[in-house]
Amino acid sequence: IYTWCYDADGQLLHSNCPQEMLLATAFSLLGCKDAAFAHGAQNDEPIQPGTSLGLIWSVAFDKKDGVLERVYVIGPVFTTEASFSGIDKALKHYGNLDISMSWMNEFTKVLTTLPVVPHIIFTRYAMMLHYCITGQTLGSSDIFRSDQAGLAEPGKMPKRDRHKIWQNEQVL
């Protein structure tokens, strides 16, 4: 899992990611950076911004006297297995962005290399990151989750078939 450090103005200071520019651009283009910094300006608790692709980051904030100094990020990861068809479908969600085909192809290749970390484990990592920065212990419910998957218009979201969900639950 990659680590990232930003200053209060959103400038990337350091990362251990070999595809640093590509994934930093994705963090920004997909709306996660703005969501994280907006949250950090008002809150001390970590946030987990996510995308319709199923990517998620964990973001913790270092503040001195209530003023944001550094922003630490881990990720991106998938919290469930992602399929090529699912990734392709989700990328169409971002079709209105001005993204070159070469960037999109490179991004798609990198997506296949990202780890899958169960959400509960990734939330624990976020709690540990926050503790390392602030010394404050949090519970998993203290971490704000901001999924960008809800960006689609509500009327265009697929209907959930509650009967099929119930049938699957009965099988389990």
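Engineer: I tried to follow the packing of aromatic side chains on my own but got confused; where do I start?
Structural biologist: Remark: the centre distance and the inter-plane angle together describe each pair of aromatic rings, the angle taken between the planes. Considering all chains together, one arrives at 4 aromatic pairs under this definition. Here Tyr 6 and Phe 37 contribute two aromatic rings whose centre-to-centre distance is 6.0 Å and whose plane-to-plane angle is 85°, an arrangement assigned as edge-to-face. Note that Tyr 6 is positioned in strand β1 (residues 3–7) and Phe 37 in helix α2 (residues 32–42), a separation of 31 residues in sequence. For Phe 37, a relative accessible area of 15% translates into the label buried. Site record: aromatic cluster; members linked through ring pairs are Tyr 6, Phe 27, Phe 37 and Trp 57.

Engineer: How should I be thinking about the pattern of salt bridges in this particular structure?
Structural biologist: Between side chains of opposite charge, a pair can form as their charged atoms come close. Within the structure shown, the criterion is met by 2 salt bridges. In this structure, Lys 63 and Asp 44 form a salt bridge, with 3.1 Å as the shortest nitrogen-oxygen distance. Here Lys 63, found in strand β4 (residues 55–64), pairs with Asp 44, found in the loop between α2 and β3 (47–50); they are 19 residues apart in sequence, far enough to count as distant. The salt bridge involving Asp 62 is made with Lys 64; its shortest N-O contact spans 3.7 Å. Owing to a relative accessible area of 13%, Asp 62 belongs among the buried residues under this scheme. Relative accessible area serves as the criterion here: at 46%, Lys 64 is assigned to the partly exposed category.

Engineer: Even after reading the chapter, I still don't get unusual backbone geometry, so can you show me in this structure?
Structural biologist: In most cases, non-glycine residues show a negative phi, while peptide bonds are predominantly trans. Backbone torsion omega between Gly 75 and Pro 76 reads 5°, so that peptide bond is classified as cis. Of note, Pro 76 is situated in strand β5 (residues 67–78). Despite not being glycine, Asp 65 shows a phi value in the positive range, around 55°.

Engineer: Got a minute to help me understand the confidence of the model for the chain in this structure?
Structural biologist: Interpretation of this model should avoid reading the predicted coordinates in detail wherever pLDDT is low. With 84% of its residues at a pLDDT of 70 or more, the chain has an overall mean of 84. Counted against residues more than four places away or in other chains, residues 148–158, with its pLDDT under 50, gives 15 contacts.

Engineer: Help me understand a nonpolar patch on the surface, please; the structure alone is not making it clear to me.
Structural biologist: Together, Ile 1, Ile 120, Ile 121, Tyr 125 and Met 128 make up a nonpolar patch on the protein surface, roughly 450 Å² of accessible area in all. Assignment of secondary structure puts Ile 120 in helix α5 (residues 119–134). Note on Ile 120: relative accessible area 52%, which makes it exposed.

Engineer: Would you mind going over the packing of helix α1 (residues 20–29) against helix α4 (residues 101–111) with me for this structure?
Structural biologist: For any two helices packed against each other, the geometry comes down to the angle between their axes and how far apart the axes lie. At a closest axis distance of 11 Å, the pairing of α1 and α4 adopts a crossing angle of 105°. Between α1 and α4, the angle is such that the two are roughly perpendicular. When α1 is examined against α4, the residues Leu 22, Leu 23, Thr 25, Ala 26 and Leu 29 are found in contact with a partner set consisting of Trp 103, Glu 106, Phe 107 and Val 110. Its residues assigned to classes, the contact of α1 with α4 comprises 7 nonpolar, 1 polar and 1 charged.

Engineer: Can you walk me through the environment of Pro 115 in this structure?
Structural biologist: For Pro 115, the location among the structural elements is in the loop between α4 and α5. The spatial distance from the C-alpha of Pro 115 to the C-alpha of Val 77 is 5.4 Å, given a sequence separation of 38 residues.

What counts and what doesn't
Residues numbered from 1 in each chain as written. Predicted model: local features only at pLDDT ≥ 70, side-chain atom pairs only at ≥ 80, totals over all residues. Heavy atoms only, no water. Phe/Tyr/Trp six-rings, centres within 6.5 Å; stacked < 30°, edge-to-face > 60°. Helix = DSSP H or I, 4+ residues; strand = E, 2+ residues; numbered from the N terminus. Buried < 20%, exposed > 50% of the residue type's maximum accessible area, 1.4 Å probe, protein only. Salt bridge = Lys/Arg side-chain N within 4 Å of Asp/Glu carboxyl O. pLDDT = per-residue confidence, 0-100. Contact = heavy atoms within 4.5 Å. Patch = residues over 30% accessible without salt bridge, like charges linked within 9 Å, V, L, I, M, F, W, Y side chains within 5 Å. Areas by Shrake-Rupley, 256 points an atom, 1.4 Å probe, with all protein chains shown as cover. Axes fitted to C-alpha atoms, helices over the stretch in contact; angles between N-to-C directions. Parallel < 35°, antiparallel > 145°, perpendicular 65-115°, else oblique. Nonpolar A, V, L, I, M, F, W, Y, C, P; charged D, E, K, R; others polar.

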